[in-house]
Amino acid sequence: MPSELSFSNRHKDLAARDREYVLGWRFNPGIVFERGEGVRLFDVDGNAYYDMSAGMMSLTLGHAHPELVEVIRDMADRFTHQSSWYTNPWAIEFAELIATTMPGELKMTNFAVTGSEANEIAMRMALAATDGFDICSMVRGLHGGSLAAESMTSVGGARRRGLGPLTLPARANCIVPAFYYRAPIDDAEQWDEVSLQLTEELIEYTTSQQVAALMLEPIAVPGGMIVPSKRWLRGIREIADRWGALLIFDECQLAPARTGKFWSFEHYDVVPDIVTFGKGMTAGFANCGAITTPEIAEKTRGALGLPWSGTYPQDPLPCAVGLKQLEIVLRDDLTGHAEREGVFIGERLSQIQARHDCIGDVRGKGLYRMLDIVKDRASKEPDAQMAEHIRFHALAEGLLLIAVKNYVRFCPPTIVTRAELDDILGRLEAAITRAEAGGPVATDIAASSSLAANSAAR
Ligand SMILES: Cc1ncc(COP(=O)(O)O)c(C=O)c1O
């Protein structure tokens, strides 16, 4: 692991060429990676870093898992891509296995390439199944960057600036979140009641009153790891039912296993009508989807471009990899592992919080946590600069973290061991100590992410 950030000339040259030829968001410093193994990444100088974002929250089994490598090799030889108007054994078995993890009648998967596309399929399904007009999403929710998904997204609102007619009216974002830490009322039970009342009021007065769906992340991650109570999520189910609307849960950030339940909504005893998945279900290949009941699937067949097809969904290679990953997640009980290790990191993160005033709150479940970085605990004023400094110093401690706005994410691959977590937590605390001491940083919050750009982080 690097103790200070210094890079070879080759490394610097690659970073400079990246800046010149590749148009992309880059955290500073522009590290160029060339290899991954388990929970670690290696840069082109051979420095190792714990990958605390599991790729883009996608590598449930970490990098280069031997059983997945074997499948990739086999499929590369055999069958990688086909017409999406035909099928293959791996897509069928993957969908069948997903269905065994689901409650009730949720058993039919319409595959997609990205999480955004999966959410747009879900939205099409809701419009087609209900004849409704409005789709209500949650304030501080995120559902992707394609244009309809972006319209449902409110975290990083500045991303929508200037998109004008390409997005739907902002009234779509009308579910008031159960964000207890920054709620105007201290009592969580009371805030549940008030936020549900406000939600219903906003639906009544800002929509056409023909509501097709309520769409939200059961635990809203990019918006600040908002973990609602059971009472609140049940309240949302009841509101959807009262309005004759479908309930869509976006599990892209959360499934499988990471939160200590296979699907995060299992923490809540609430069954939705449509579930979308991506990231962690994909093993890093672009293979996402929307799952619904046969009844809804039949109602929507042939309407609004459904079932969704496109060029790449349900391709044999990504389906075979997703299938193998899912078999391993179930075989090795990674859900139980995340639950157990979640107790361990929960305790350790609370101890770290007690020693560092900049950590206002720690939220999350299982192996997915978030530090809410503040200027001081009394005002809870978000401190995006400090979060960015922690991220920067963490690199020198050999930890690759995502920090967006004032939120520092803790999301290792789900296979992470106790010994690795112990080491990671020590490095995290060392990074926080360095950041608090005001060590120099060569980074700029505005360059850190499209969600943080143009916005005074909150
Ligand atoms: C909750 C949630 N839904 C959907 C998406 C969009 O997924 P994708 O980037 O694959 O389109 C994201 C991406 O970060 C997400 O966090």
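Residues numbered from 1 in each chain as written. Predicted model: local features only at pLDDT ≥ 70, side-chain atom pairs only at ≥ 80, totals over all residues.

1. What to know about the overall build of the protein chain
Link 1 in the chain: Check the secondary structure of the protein chain and you find 13 helices and 15 strands.
Link 2 in the chain: The C-alpha radius of gyration of the protein chain comes to 22 Å, within 12% of the 23 Å expected for a compact globule of 458 residues.
Link 3 in the chain: For the protein chain, the spread of C-alpha atoms along the three principal axes comes to 60 × 60 × 45 Å.
Link 4 in the chain: Buried positions account for 51% of the 458 residues belonging to the protein chain.
Link 5 in the chain: Put simply, 75% of the contacts in the protein chain that link residues at least 6 apart link residues at least 24 apart. (Helix = DSSP H or I, 4+ residues; strand = E, 2+ residues; numbered from the N terminus. Rg over C-alpha atoms; globule rule 2.2 N^0.38 Å. Buried ≥ 20, exposed ≤ 12 C-beta atoms within 10 Å, placed from the backbone. Contact = placed C-beta atoms within 7 Å.)

2. Regarding the packing of helix 11 (residues 334-355) against helix 13 (residues 418-436)
Link 1 in the chain: Interhelical geometry of helix 11 versus helix 13 gives an angle of 20° and a closest axis separation of 11 Å. Looking at the two axes, helix 11 sits roughly parallel to helix 13. Regarding helix 11 and helix 13, the two cross each other, and that crossing is right-handed. On helix 13, the residues that touch Glu341, Phe344, Ile345, Arg348 and Ile352 of helix 11 are Arg418, Leu421, Leu425, Leu428 and Glu429.
Link 2 in the chain: Partitioning the contact of helix 11 with helix 13 into residue classes produces six nonpolar, no polar and four charged. (Axes fitted to C-alpha atoms, helices over the stretch in contact; angles between N-to-C directions. Parallel < 35°, antiparallel > 145°, perpendicular 65-115°, else oblique. Left-handed = near helix turned anticlockwise from the far one by under 90°. Nonpolar A, V, L, I, M, F, W, Y, C, P; charged D, E, K, R; others polar.)

3. Comments concerning the sheet that holds strand 4 (residues 108-112)
Strand pairing in a sheet relies on backbone hydrogen bonds, with the paired strands running either antiparallel or parallel.
Link 1 in the chain: The strand order across the open sheet formed by seven strands is 4-10-9-8-7-5-6, and the pairing between neighbours is mixed. Looking at which strands have only one partner, the edges of the open sheet turn out to be strand 4 and strand 6 (173-175). On average, adjacent strands in this sheet sit at an angle of 30° to one another, irrespective of strand direction.
Link 2 in the chain: Here three bridges tie strand 8 (residues 246-250) to strand 9 (residues 274-277), and the two strands are oriented parallel to one another. The partner of Phe249 across the bridge, within strand 9, is Val275.
Link 3 in the chain: Contacts from helix 7 (residues 188-206) reach strand 5 (134-138), strand 6 and strand 7 (211-216), with the element oriented near 140° to strand 6. (Pairing = 2+ DSSP bridges.)

4. Regarding the site of the ligand
Link 1 in the chain: Lining the immediate surroundings of the ligand are 13 residues, of which Thr114, Gly115, Ser116, Gly144 and Cys252 lie closest.
Link 2 in the chain: The element contributing the most residues to the shell around the ligand is helix 5 (residues 115-130), with three residues.
Link 3 in the chain: Taken together, the residues that form the shell around the ligand break down as three nonpolar, eight polar and two charged. (Near = placed C-beta within 6 Å.)

5. Comments concerning the domain arrangement of the protein chain
Many descriptions give the size of an interface as the accessible area lost when the pieces come together.
Link 1 in the chain: Assigned domains within the protein chain: domain 1 (9-64 + 334-447) and domain 2 (68-331).
Link 2 in the chain: Contacts between domain 1 and domain 2 engage 26 residues on the former and 26 residues on the latter.
Link 3 in the chain: Looking at the side of domain 1 that touches domain 2, the element that brings in the most residues is helix 11, giving five residues.
Link 4 in the chain: Looking at the side of domain 1 that touches domain 2 residue by residue, the classes come out as 12 nonpolar, eight polar and six charged. (Domains from an automatic or database assignment.)

6. A word on the environment of Phe249
Link 1 in the chain: For Phe249, the position within the fold is in strand 8.
Link 2 in the chain: A sequence separation of 28 residues divides Phe249 from Phe277, and the C-alpha atoms of the two residues are 9.0 Å apart.
Link 3 in the chain: Excluding anything up to four places from it in sequence, Phe249 contacts Leu216, Pro218, Phe265, Pro272 and Val275.

7. So, helix 13
Side chains three or four residues apart in an α-helix point the same way, a direct result of the helix having 3.6 residues per turn.
Link 1 in the chain: Taking 1.5 Å of rise per residue, the 19 residues of helix 13 would be expected to cover 27 Å, and the 27 Å separating its terminal C-alpha atoms lies within 8% of that figure.
Link 2 in the chain: Considered for burial, the residues of helix 13 that qualify are Ile424, Arg427, Leu428, Ala431, Ile432 and Ala435. In an axial view of helix 13, the angular spread of the buried residues amounts to 145°, which keeps them on one side of the axis. Turned more than 90 degrees away from the buried face of helix 13 sit Arg418, Ala419 and Asp422, all of them exposed.
Link 3 in the chain: Where helix 13 terminates, the next one or two residues include Gly438, which has phi positive at roughly 80°. (Expected span 1.5 Å × (residues − 1). Arc of directions from axis to C-beta.)

8. Some points on the nonpolar core
Link 1 in the chain: Ala126, Ala213 and Leu214 are the most contacted members of the largest nonpolar core, which totals 132 residues.
Link 2 in the chain: Of the domains in this structure, domain 1 (9-64 + 334-447) and domain 2 (68-331) are the two that each give at least three residues to this core.
Link 3 in the chain: Discounting residues that sit within four places of it in the chain, Ala213 has contacts with Met123, Ala126, Ile135, Ala245, Leu246, Leu247 and Ile248. (Core = buried A, V, L, I, M, F, W, Y, C linked by C-beta atoms within 7 Å.)

9. Thoughts on the sheet that holds strand 15 (residues 407-410)
Link 1 in the chain: Spatially, the four strands line up as an open sheet ordered 11-12-15-14, and their pairing is antiparallel. In this open sheet, the two edge strands, each paired with only one partner strand, are strand 11 (359-365) and strand 14 (403-404).
Link 2 in the chain: In the sheet, strand 14 pairs with strand 15 via two bridges, with the strands oriented antiparallel. Each bridged residue has a counterpart across the sheet, and for Val404 the counterpart in strand 15 is Tyr407.
Link 3 in the chain: Those strands touched by helix 11 are strand 11 and strand 12 (368-373), and its axis lies near 175° from that of strand 11.

10. Regarding the packing of helix 4 (residues 89-100) against helix 10 (residues 316-331)
Link 1 in the chain: Interhelical geometry of helix 4 versus helix 10 gives an angle of 35° and a closest axis separation of 8 Å. For helix 4 against helix 10, the interelement crossing comes out left-handed. In this structure, helix 4 contributes Trp90, Ala91, Glu93, Phe94, Leu97 and Ile98 to the contact, and helix 10 contributes Pro316, Cys319, Ala320, Gly322, Leu323 and Leu326.
Link 2 in the chain: In the contact of helix 4 with helix 10, the residues fall into 10 nonpolar, one polar and one charged.

11. Describing the environment of Ile236
Link 1 in the chain: Of note, Ile236 is situated in helix 8 (residues 230-242).
Link 2 in the chain: Under the C-beta neighbour-count criterion, Ile236 is labelled buried, with 25 such atoms within 10 Å.
Link 3 in the chain: Each C-alpha atom of the pair Ile236 and Gly156 lies 23 Å from the other, and the pair is 80 residues apart in sequence.
Link 4 in the chain: With near-sequence residues (within four places) excluded, Ile236 lies in contact with Ile175 and Leu214.

12. Some thoughts on the pairing of strand 2 (residues 40-43)
Sheet faces and side chains relate simply in a regular strand, where the side chains alternate between the two faces.
Link 1 in the chain: In strand 2, alternate side chains face the same way, and those of Leu41 and Asp43 are buried while those of Arg40 and Phe42 on the opposite face are not.
Link 2 in the chain: Summarising the sheet, strand 1 (residues 33-37) and strand 2 pair through four bridges and their orientation is antiparallel. Paired with Glu37 across the strands is Arg40, a residue of strand 2.
Link 3 in the chain: With antiparallel pairing between neighbouring strands as the criterion, strand 1 and strand 2 make up a hairpin whose turn holds two residues, including Gly38 at a positive phi of roughly 60°.
Link 4 in the chain: Here strand 2 pairs with strand 3 (residues 48-51) via three bridges, running antiparallel. Among the inter-strand pairings, Leu41 is bridged to a residue of strand 3, identified as Tyr49.
Link 5 in the chain: Linking strand 2 to strand 3, which pair antiparallel, is a turn of four residues; within it Gly46 sits at a positive phi near 90°.

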